[in-house]
Amino acid sequence: MTDPVAAQARRRPEADAVVGHGARTWAEWNEQIDRAAATLAALGAERIALRAEDRLDLATLALGAIRAGVTGVLVPVRWPAALASESLASAGLSVAVSDLPIPGLAIHAPARLGAEVGAPGSEKPGSLAVFTSGSTGDPKAALLPWDALLASADGVVSHLDLREGDRWLLDLPVAHVGGLGVVIRCAMAGAAMAIPEPERSP
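Bear in mind the structure is a predicted one, so any value in this text is a computation, not a measurement. (Residues numbered from 1 in each chain as written. Predicted model: local features only at pLDDT ≥ 70, side-chain atom pairs only at ≥ 80, totals over all residues. Heavy atoms only, no water.)

**Student:** Report on the pattern of salt bridges, specifying residues and quantitative values.
**Tutor:** In total, this model carries 6 salt bridges according to the counting rule given. A salt bridge links Glu164 to Arg11; its shortest N-O distance comes to 2.7 Å. Remark: Arg11 occurs in helix α1 (residues 4–11) and Glu164 occurs in the loop between α5 (146–160) and β9 (167–169); sequence separation between them is 153 residues. Here Glu164 falls in the partly exposed class, since its relative accessible area comes to 36%. Looking at Arg11, the relative accessible area reads 53%, which means it is exposed. Asp34 serves as the salt-bridge partner of Arg67, at 2.9 Å between the closest nitrogen and oxygen. A residue pair is termed long-range when its members are at least 10 positions apart, and Arg67 in helix α3 (residues 55–68) and Asp34 in helix α2 (residues 26–42) qualify at 33 residues. Among the residues examined, Arg67 registers a relative accessible area of 7% and is labelled buried. On the accessibility criterion, Asp34 (23% relative accessible area) is partly exposed. Salt bridges sharing common partners tie together Asp3, Asp34 and Arg67. (Salt bridge = Lys/Arg side-chain N within 4 Å of Asp/Glu carboxyl O. Helix = DSSP H or I, 4+ residues; strand = E, 2+ residues; numbered from the N terminus. Buried < 20%, exposed > 50% of the residue type's maximum accessible area, 1.4 Å probe, protein only.)

This is the structure in structure tokens:
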């Protein structure tokens, strides 16, 4: 299985993977993704809803789903609880890793809070799903196979000549294709994600 974060952690363990909010090296992020994968695999479900207010947390859970060989369904954090519940129920999901409530689902704390490092990953990569906008009907989960996500990222990396030492601002939600694409492109190129500090109320 192609795993760009693991590859960067082997080649450049002390280089920056994330700068700004949640700053960490490739080795540190790789270890966190391992913990996420172990937690997701331990849930024993083929499809798991993933929702987190923190963009880096959701990126970590998403890549953990790929390592665990499960389908991670990314849930927009701005959705009202009722919409999240209805959409996930219609997609046949009953389990979620989330730091926000989703009525009707078995909720587990974000993976970064649990699981030991070192659980074996799946040889078969998982997949991710994002919800359509719902502008012409109810939102539907669109499946994004890992190979397709890597191929798309590779095309953009080549076109933009993204490389090690570059930085890309993660200013889009990871639960949308635009934000998810930034995560995968940076991992593939060895560029650092720049994540702004979360806004705080006075």
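**Student:** Before we move on, could you go through the side chain of Ser98 and cite the residues and values that matter?
**Tutor:** Topologically, Ser98 is positioned in strand β5 (residues 95–98). Residue class for Ser98 comes out buried when judged on its relative accessible area of 4%. Reaching out from Ser98, the side chain makes a polar contact with the backbone oxygen of Leu100 at a distance of 2.6 Å. Sequence-distant contacts of Ser98, defined by excluding residues within four places in its chain, comprise Arg51, Ile107, His108, Ala109 and Pro110. (Polar contact = N/O pair within 3.5 Å; in protein donor to acceptor, adjacent residues only side chain to side chain. Contact = heavy atoms within 4.5 Å.)

**Student:** So what about the nonpolar core? Which residues, and what values?
**Tutor:** Ranked by size, the top nonpolar core spans 50 residues in total, and within it Trp29, Leu50 and Met193 carry the most contacts. Per element, the largest residue contribution to this core is 9 residues, and it comes from α3. Apart from the residues within four sequence positions on either side, Trp29 is in contact with Val5, Ala17, Arg24, Leu56, Ala59, Thr60, Leu63, Val183 and Met193. (Core = buried A, V, L, I, M, F, W, Y, C linked by side-chain atoms within 4.5 Å.)

**Student:** Outline the sheet that holds β5, supporting the account with residue identities and numerical values.
**Tutor:** Strand order across the open sheet formed by 6 strands is β6-β5-β3-β4-β7-β8, with mixed pairing between neighbours. Only two strands of the sheet have a single partner each, and these edge strands are β6 (106–108) and β8 (141–145). When the angles between neighbouring strand axes are averaged without regard to direction, this sheet yields 30°. Note that strand β3 (residues 47–51) and strand β4 (residues 71–74) share 4 bridges and pair parallel. Across the sheet, the residue bridging to Ile48 is Gly72, located in β4. Where α5 meets the sheet, it contacts β7 (127–131) and β8, and its direction lies at approximately 75° from that of β8. (Pairing = 2+ DSSP bridges. Axes fitted to C-alpha atoms, helices over the stretch in contact; angles between N-to-C directions.)

Limitation: the analysis is restricted to geometry and does not speak to function.
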